[in-house]
Amino acid sequence: MIMKLLPTLTFLAALGSGVVAGVFFAFSSFVMPGLARMPAAGGIAAMNSINVTAVTPMFMTALFGTGLVCLVLAVGAIIGWGQPGSFWLFAGALIYLVGNLIVTMIFNVPLNNALAAVDPASTNGAAVWTTYLREWVMWNHVRTITAIAALGCFIVAWR
């Protein structure tokens, strides 16, 4: 049964990876550089607002739904390891899961939580903001690159 669903799931994983890559690319390209130009208190307030509004069913489905599809694809790739494209399916799934879900949960979310806990107008707030910008953006670059790499793997596997 799972083997019959692999082409459709691969297509969905490619779409999801592309959407997630686009969101993360936007943040790396112009959202965070724009926020970095603001005074620390304003940047913190804006980013905290973004972090609250980002938790929508649509974005969570794109991010975590794609992760769920990747889990199924990884299992399917292992079951059908000798089939054409199985390596690319497994690689894409692993790259997405590690580079997007694990990085998000281990690095970006704790940084978001630390930013939400600081007083934006305080001296400590400015220091946290400086560190946040450097570290969060670095990990967001990782998420962007790995979502694009996963997309590429899924395209190759789907062909």
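Reading the values: rules and limits
- Residues numbered from 1 in each chain as written.
- Predicted model: local features only at pLDDT ≥ 70, side-chain atom pairs only at ≥ 80, totals over all residues.
- Heavy atoms only, no water.
- Helix = DSSP H or I, 4+ residues; strand = E, 2+ residues; numbered from the N terminus.
- Areas by Shrake-Rupley, 256 points an atom, 1.4 Å probe, with all protein chains shown as cover.
- Phe/Tyr/Trp six-rings, centres within 6.5 Å; stacked < 30°, edge-to-face > 60°.
- Buried < 20%, exposed > 50% of the residue type's maximum accessible area, 1.4 Å probe, protein only.
- Lys NZ or Arg CZ within 6 Å of the ring centre and 35° of its normal.
- Disulfide = S-S within 2.5 Å.
- 1 Å grid on protein atoms, 1.4 Å probe; cavity = no way out; pocket = protein on both sides within 12 Å on 5 of 7 lines; lining within 4 Å.
- Points joined across faces, edges and corners; volume = space filled by probe spheres on them.
- Nonpolar A, V, L, I, M, F, W, Y, C, P; charged D, E, K, R; others polar.
- Contact = heavy atoms within 4.5 Å.
- Axes fitted to C-alpha atoms, helices over the stretch in contact; angles between N-to-C directions.
- Parallel < 35°, antiparallel > 145°, perpendicular 65-115°, else oblique.
- Left-handed = near helix turned anticlockwise from the far one by under 90°.

Enquirer: Explain the overall build of the chain to me, please; I cannot follow it from the model alone.
Expert: Secondary structure summary: the chain contains five helices and zero strands in total. Surface accessibility of the chain: about 8300 Å² in total, with carbon and sulfur atoms responsible for 77%.

Enquirer: Even after reading the chapter, I still don't get the packing of aromatic side chains, so can you show me in this structure?
Expert: What characterises a pair of aromatic rings is the spacing of the ring centres plus the angle enclosed by the ring planes. Summed over the entire model, instances satisfying the criterion amount to eight aromatic pairs. On the basis of an interplanar angle of 80° and a centroid distance of 5.2 Å, the ring pair of phenylalanine 87 and tryptophan 88 is categorised as edge-to-face. Given a relative accessible area of 37%, tryptophan 88 falls into the partly exposed group. A centroid spacing of 6.0 Å and a plane angle of 20° characterise the contact between tyrosine 132 and tryptophan 136, whose relative ring orientation is stacked. With tyrosine 132 and tryptophan 136 both in helix H5 (residues 123-158) and four residues apart, the pair spans about one turn of that helix. Assessed through its relative accessible area of 2%, tyrosine 132 is described here as buried. Here the aromatic residues Phe27, Trp129, Tyr132 and Trp136 are joined through ring pairs into a cluster of three or more. Cation over ring: arginine 143 sits above phenylalanine 24, and NZ or CZ is 3.8 Å from the ring centre.

Enquirer: Looking at this model, I keep getting lost on the state of the cysteines. Mind explaining?
Expert: Chemically, a disulfide is nothing more than a covalent bond linking the sulfur atoms of two cysteines. With the rule as written, the count across this model stands at zero disulfides. A disulfide-free cysteine, cysteine 70 has its sulfur positioned 10 Å from the sulfur of cysteine 153, the nearest such atom. Residue cysteine 70 is classed as buried on the basis of its relative accessible area, which comes to 0%. Residue cysteine 153 is classed as buried on the basis of its relative accessible area of 7%.

Enquirer: I keep staring at the layout of surface pockets and nothing clicks. Help me out?
Expert: Gaps left between atoms show up when a probe the size of a water molecule is rolled over them. The volume enclosed by the largest pocket comes to roughly 380 Å³. The wall of the largest pocket is formed by 21 residues, among which Asn51, Ala54, Phe59, Met60 and Asn112 lie closest to the centre. For the lining of the largest pocket, the elements supplying multiple residues, two or more each, are helix H1 (2-36), helix H2 (40-53), helix H3 (57-79), helix H4 (86-117) and H5. At five residues, the largest contribution of residues to the lining of the largest pocket is made by H4. Looking at side-chain class alone, the lining of the largest pocket contains 14 nonpolar, six polar and one charged residues. Here the second largest pocket defines a volume of roughly 200 Å³. Lining the second largest pocket are 15 residues, and of these Leu6, Pro7, Pro84, Leu89 and Ala157 lie nearest its centre. Going through the elements one at a time, H1, H3, H4 and H5 are the ones with two or more residues in the lining of the second largest pocket. Among the elements that make up the lining of the second largest pocket, the one with the highest residue count is H1 (four residues).

Enquirer: What's the story with the side chain of asparagine 108 in this structure? I'm lost.
Expert: Tracing the chain through its elements places asparagine 108 in helix H4. Discounting residues that sit within four places of it in the chain, asparagine 108 has contacts with Val103, Trp136, Trp139, Asn140 and Arg143.

Enquirer: Whenever I open this one, the packing of H1 against H5 confuses me. Can you help?
Expert: Contact pair H1 / H5: the axes reach a minimum separation of 8 Å and the direction vectors enclose 155°. Considered as vectors, H1 and H5 are oriented roughly antiparallel to each other. Two packed elements cross with a definite hand, and for H1 against H5 that hand is left-handed. Within the contact of H1 with H5, the residues separate by chemical class into 24 nonpolar, seven polar and one charged.

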